[in-house]
Amino acid sequence: MGGISIILVILVAFLAGMEGILDEFQFHQPLVACTLIGIVTGHPTEGIILGGSLQMIALGWANVGAAVAPDAALASVASAIIMVKGLGDGSADVTTAISTSIALAVPLSVAGLFLTMLCRTIAIPMVHFMDAAAEKGNFRGVEIWQLLAIGLQGIRIAIPAAMLCMIPAEAVTTMLNAMPAWLSGGMAVGGGMVAAVGYAMVINMMATAEVWPFFVLGFVLACIGDLTLIALGAIGIALALIYIGLKDLAKQGGGSGGGSGDPLGDILNDY
Amino acid sequence: MAEEIKLTQQDRMAVCWRHQFLQGSWNYERMQNGGWCYAMIPAIKRLYSTKEEQAAALKRHLEFYNTHPYVSAPIIGVTLALEEERANGAPVEDTAIQGVKVGMMGPLAGVGDPVFWFTVRPILGALGASMAMGGSIIGPILFFVLWNIIRMAFLWYTQEFGYKVGSEIAKDLSGGLLGKVTEIASILGMFIIGALVQRWVSITFTPVVSTVAQSEGAYIDWSALPAGTEGIKSAFELYASLGAAGLNVDKVTTLQDNLNQLIPGLAAVLLTLLCCRLLKKNISPIAIILALFAVGIVGRLLGFM
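None of these values were measured; they are calculated from a predicted model.

*Asks:* Would you explain the overall build of chain A in this entry?
*Replies:* The helix and strand tally for chain A stands at eleven helices and zero strands. If you list the helices and strands of chain A from N to C, you get α-α-α-α-α-α-α-α-α-α-α. Relative to the globule expectation of 18 Å for 271 residues, the C-alpha radius of gyration of chain A, 25 Å, shows a markedly less compact shape. Considering only C-alpha atoms, chain A reaches an extent of 90 × 65 × 25 Å along its principal axes. Put simply, chain A has 271 residues, and 54% of those count as buried. Pairs at least 24 apart in sequence give 73% of the contacts found in chain A among residues at least 6 apart. Summed over its atoms, the accessible surface of chain A is roughly 11000 Å², and 74% of this surface lies on carbon and sulfur atoms. Charge-centre separation for chain A: the mean point of 7 positive side chains lies 12 Å from the mean point of 17 negative side chains.

Below you can see the structure in the form of structure tokens.
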């Protein structure tokens, strides 16, 4: 990788690292991070494809409260760099490079998780410095420590990325070419199944007995190949609004029906 | 009469901008407190002029704070309103401000997490990813642009809403609109996840279940076709009526074909439900993912996947 590429990769890694904690612009999401790394290293299409595949796996990775999810930032950035190395001089097979990178992304997300927990611990003394600045009404002090903390999260990813850039491309390409067909094929098969875990995480967060029927509907309707994802989204929103609307009506109906709650019985009784 | 101190729109926009760095100094002790204080600084500068008041304001905004980073916007809006009242002489206690923050951060996080992390982001992510997997850059661009438009609009408008409504907001919080939004998000989310499971979890079982020689007329007899372009034409006509099964004399049925007869994607949904079960038993998602890769490799080795 040329010098400029390496600098840009480190920049993207820094952005991804910051966003890994900030969670605002989503520079750490595979779709964005892998695409950017692909673009700055001259492999845009492969970067985009890797980003898309990883994004499917990472759909359910979200920090809820104090619980920390697997780290998308390191997973995206590191696996993209490795993939680029693997594609290097063009001698390695693109599909193998991509599916190997996907497989590597998972342990990388664990490494990233560990690193973010480290940063969140180092942030404690930083906040104590902020306290000291606040005592004196020192705005600059508070601001500087906040920015330093954000910077720390950035280098959390930038340093591993820089280290990865130093690995000679030949080493990665040789390794990829040396992989037997059953291993690379098997990893591609595994990669196709892995998204299920991400979806399962989301389902566990959201599922109540009441909303399971909608899961079934979504699943069955998706069998109709002609329905695009947007079409399915439209159906989903329509169903949700109709259902909520009906629930409201039922509540109101129950309120005004009053007494026995049996409208037919009431009408008959009136006679 | 002393002139009323008011936060200008510029002040509020500065707060909104800084609020995007809320989680920057996330720490295990007081969580988002640093970022919150950082965001409040433009307001504190405008409202308080003595060093003592400023220091006091900084300190009270370094208290424990943790909620979903986007639904934090109405909370900061309300806080701005309360601080403004206090700066103008209203008897707003420190405990009242902290109480409003704490009172709002729980319920709102209960809305922010499912709506943003488990509905909007997976949906936009899946949309972008499905385009990206075909190599199109529209995928990532769509995700990035749509997400940030929604996010920034939400941050600004809910902050302004919180600021205008002020402390009255506490009454709107219980049930009502927030509950409905969460419900709609859950329904939509489950629906889309169902669709994604069908479309994007791929399990294919390759073993051949049966190879049956088809009866005459059900397949194209290649040796009996006329030569040249006439042969090609009749081959296409036969294909149009017989379908793919007509290409070979033997009809090969794989295990996957049988499963697809029941419902396409059956194995995918069963796998997903299994993962739900395992996750509920506190098995780490990383372990499950690695196990799936192992299964894939074994499956390829043994020839059943």
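*Asks:* Would you mind showing me how to read helix α4 (residues 72-87) of chain B here?
*Replies:* Think of an α-helix as 3.6 residues a turn; residues three or four steps apart then line up on the same face. All names here are of chain B. Spanning 16 residues, α4 covers 22 Å between terminal C-alpha atoms, matching the ideal 22 Å at 1.5 Å per step. Most of α4 is tucked away, with 14 of its 16 residues classed as buried. Immediately beyond the C-terminal end of α4, within one or two residues, lies Gly 89, with a positive phi of roughly 105 degrees.

*Asks:* Just to check I follow, could you spell out helix α1 (residues 3-22) of chain A for this structure?
*Replies:* Residue and element names in this part refer to chain A. The terminal C-alpha atoms of α1 lie 29 Å apart, and with 20 residues this matches the ideal 28 Å at 1.5 Å per residue to within 8%. Along α1, the residues classified as buried are Ser 5, Ile 6, Val 9, Val 12, Ala 13, Ala 16, Gly 17, Met 18, Glu 19, Gly 20, Ile 21 and Leu 22. At its buried positions, α1 is contacted by α2 (30-40), α4 (72-87), α5 (94-135) and α6 (139-166). At the C-terminal side of α1, Asp 23 shows a positive phi close to 60 degrees.

*Asks:* Would you take a moment to explain the packing of aromatic side chains for this structure?
*Replies:* Given two aromatic rings, their pairing is described by the distance between the two centres and the angle made by the two planes. All names here are of chain B. Following the criterion strictly, the structure yields 15 aromatic pairs over all chains and no others. Between Phe 21 and Tyr 38 the ring centres are 6.5 Å apart and the planes differ by 85 degrees, which places this aromatic pair in the edge-to-face class. With Phe 21 in the loop between α1 (9-19) and α2 (33-47) and Tyr 38 in helix α2, the pair connects residues that are 17 residues apart, well separated along the chain. Given a relative accessible area of 18%, Phe 21 falls into the buried group. Classification of Tyr 38 as buried rests on a relative accessible area of 9%. Here Tyr 70 and Trp 117 contribute two aromatic rings whose centre-to-centre distance is 5.4 Å and whose plane-to-plane angle is 65 degrees, an arrangement assigned as edge-to-face. Of the two residues, Tyr 70 is situated in the loop between α3 (51-60) and α4 and Trp 117 in helix α5 (residues 94-132); the sequence distance between them amounts to 47 residues. Judged by its relative accessible area of 0%, Tyr 70 falls in the buried class. Residue class for Trp 117 comes out buried when judged on its relative accessible area of 1%.

*Asks:* Where do I start with the layout of surface pockets in this structure?
*Replies:* Taking a probe equal in size to a water molecule and rolling it over the atoms shows the remaining empty space. The volume enclosed by the second largest pocket comes to roughly 440 Å³. Lining the second largest pocket are 18 residues, and of these Val68(A), Ala69(A), Pro70(A), Met201(A) and Pro285(B) sit closest to its centre. When residues of the lining of the second largest pocket are traced back to their parent elements, those giving at least two are α8 (181-206) of chain A together with α12 (285-302) of chain B. Looking at which element gives the most residues to the lining of the second largest pocket, the answer is α8(A), with three residues.

*Asks:* Would you explain the interface of chain B and chain A in this entry?
*Replies:* How big an interface is tends to be reported as the loss of accessible area on association of its parts. At the interface, 104 residues of chain B touch 110 residues of chain A. Where chain B abuts chain A, roughly 9300 Å² becomes buried across the two surfaces, and 76% of that area is made up of carbon and sulfur atoms. When the buried surface of chain B facing chain A is broken down by residue, Phe118(B), Met190(B) and Phe191(B) rank first, second and third, together holding 9% of it. Taken together, the connections running from chain B to chain A amount to six salt bridges.

*Asks:* For this particular structure, what's the right way to read a nonpolar patch on the surface?
*Replies:* Taken together, the side chains of Ile39(A), Ile137(B), Ile138(B), Ile141(B), Val145(B) and Ile149(B) define a hydrophobic patch exposed on the protein surface, amounting to about 500 Å² of accessible area. At four residues, the largest contribution of residues to the nonpolar patch is made by helix α6 (residues 138-165) of chain B. Summarising the element assignment, Ile137(B) is placed in the loop between α5 and α6.

*Asks:* What is the right way to read empty space enclosed by the protein from this model?
*Replies:* Evaluation of the coordinates by the stated rule reveals two cavities of 30 Å³ or more. Empty space within the largest cavity amounts to approximately 140 Å³. Of the residues that constitute the lining of the largest cavity, the class distribution is six nonpolar, five polar and five charged. In this structure, the second largest cavity is lined by Cys119(A), Ala123(A), Ala149(A), Leu152(A), Gln153(A), Gly24(B), Ser25(B) and Trp26(B).

*Asks:* Help me understand unusual backbone geometry, please; the structure alone is not making it clear to me.
*Replies:* Note: most residues except glycine have negative phi, and most peptide bonds are trans. Of note in the backbone geometry, Gln26(A) takes a positive phi value of approximately 70 degrees without being a glycine. A positive phi angle is found at Asn282(B), which is not glycine, with a value near 70 degrees. What makes Asn282(B) exposed here is its relative accessible area of 72%.

*Asks:* What exactly am I supposed to notice about the confidence of the model for chain A here?
*Replies:* Any region with low pLDDT has predicted coordinates that should not be read closely. Scored by pLDDT, chain A has a mean of 84; 90% of the residues are at 70 or more. Confidence, read as mean pLDDT per element, is least for helix α11 (residues 263-270) of chain A in chain A (64) and greatest for α2(A) (94).

*Asks:* Explain the pattern of salt bridges here, please?
*Replies:* Pairs can form between side chains of opposite charge whenever their charged atoms are close. Per the stated rule, a full pass over the model turns up 16 salt bridges over all chains. Glu143(A) is the partner of Arg18(B) in a salt bridge, and the nearest nitrogen-oxygen pair spans 2.8 Å. One end of the pair, Arg18(B), is in helix α1; the other, Glu143(A), is in helix α6, on a second chain. What makes Arg18(B) buried here is its relative accessible area of 16%.

*Asks:* Which parts of the structure should I look at to understand the packing of helix α3 (residues 44-57) of chain A against α5(B)?
*Replies:* Two packed helices can be described by the angle between their axes and the distance between those axes. The geometry of α3(A) relative to α5(B) is characterised by a closest axis approach of 8 Å and an angle of 145 degrees between their N-to-C directions. You can see that α3(A) and α5(B) cross each other, and the crossing is left-handed. Here Ile48(A), Ile49(A), Gly52(A), Gln55(A) and Met56(A) of α3(A) lie close against α5(B), whose contacting residues are Gly125(B), Ala126(B), Ala129(B), Ser130(B) and Ala132(B). Grouping the constituent residues of the contact of α3(A) with α5(B) by class yields six nonpolar, four polar and no charged.

Thresholds, definitions, all that
- Think of each chain on its own: its residues are numbered from 1, step by step along the sequence as written.
- By the order in which they are written, chains take letters starting at A while ligands take numbers starting at 1.
- Note on the predicted model: pLDDT of at least 70 is required for a residue's local features to be given, and 80 or more for side-chain atom pairs to be given and counted; whole-chain, interface and lining totals, by contrast, use all residues.
- To obtain the side-chain values, all non-hydrogen atoms of the structure were included, while hydrogens and water were left out.
- Only runs of H or I of at least four residues qualify as helices and only runs of E of at least two qualify as strands under DSSP, and these elements are numbered from the N terminus.
- With C-alpha atoms as the basis for the radius of gyration, the globule rule is written as 2.2 Å multiplied by the number of residues raised to the power 0.38.
- Type-normalised accessible area, obtained with a 1.4 Å probe on protein chains alone, sets the label of each residue: buried when under 20%, exposed when over 50%, and partly exposed for intermediate values.
- Should any heavy atoms of two residues lie within 4.5 Å, those residues are considered in contact.
- Shrake-Rupley sampling with a 1.4 Å probe provides the accessible areas, and residues are treated as covered by the protein chains on show and by no other component.
- Only four residue types enter the tally: Lys and Arg on the positive side, Asp and Glu on the negative side; His and the chain ends are excluded.
- In this description, the location of a charge corresponds to atom NZ of lysine, CZ of arginine, CG of aspartate or CD of glutamate.
- Multiplying 1.5 Å by the helix residue count minus one yields the expected span of that helix.
- Note on aromatic pairs: the rings of Phe, Tyr and Trp (six-membered ring only in Trp) are paired at centre separations within 6.5 Å, and the planes decide the class, stacked below 30 degrees, edge-to-face beyond 60, tilted for the rest.
- Residues are called lining when one of their atoms sits within 4 Å of a cavity or pocket point, these points coming from a 1 Å grid over the protein atoms alone, where a cavity is a set in which a 1.4 Å probe fits but cannot get out and a pocket is an open set with protein on both sides within 12 Å along at least five of seven lines.
- Grid points are joined across faces, edges and corners, and a volume is the space filled by probe spheres set on the points.
- When two parts are brought into contact, each loses some accessible area as probed by a 1.4 Å sphere; the total of that loss over both is the buried area.
- Basic side-chain nitrogens of Lys or Arg form a salt bridge, by our definition, when they fall within 4 Å of a carboxyl oxygen of Asp or Glu.
- Patch criteria: residues need more than 30% relative accessible area and no salt bridge. Like-charged residues are merged within 9 Å; nonpolar side chains of Val, Leu, Ile, Met, Phe, Trp and Tyr are merged within 5 Å.
- Polar here means any residue other than Ala, Val, Leu, Ile, Met, Phe, Trp, Tyr, Cys and Pro, which are nonpolar, and Asp, Glu, Lys and Arg, which are charged; Gly is therefore polar.
- Per-residue confidence from the prediction method is given by pLDDT, with values spanning 0 to 100.
- Convention adopted: a line fitted to C-alpha atoms gives each axis, helices being fitted over their contacting stretch, and angles between N-to-C directions are expressed from 0 to 180 degrees.
- The hand of a helix crossing depends on one turn: near helix anticlockwise from the far one by less than a right angle means left-handed, and clockwise means right-handed.

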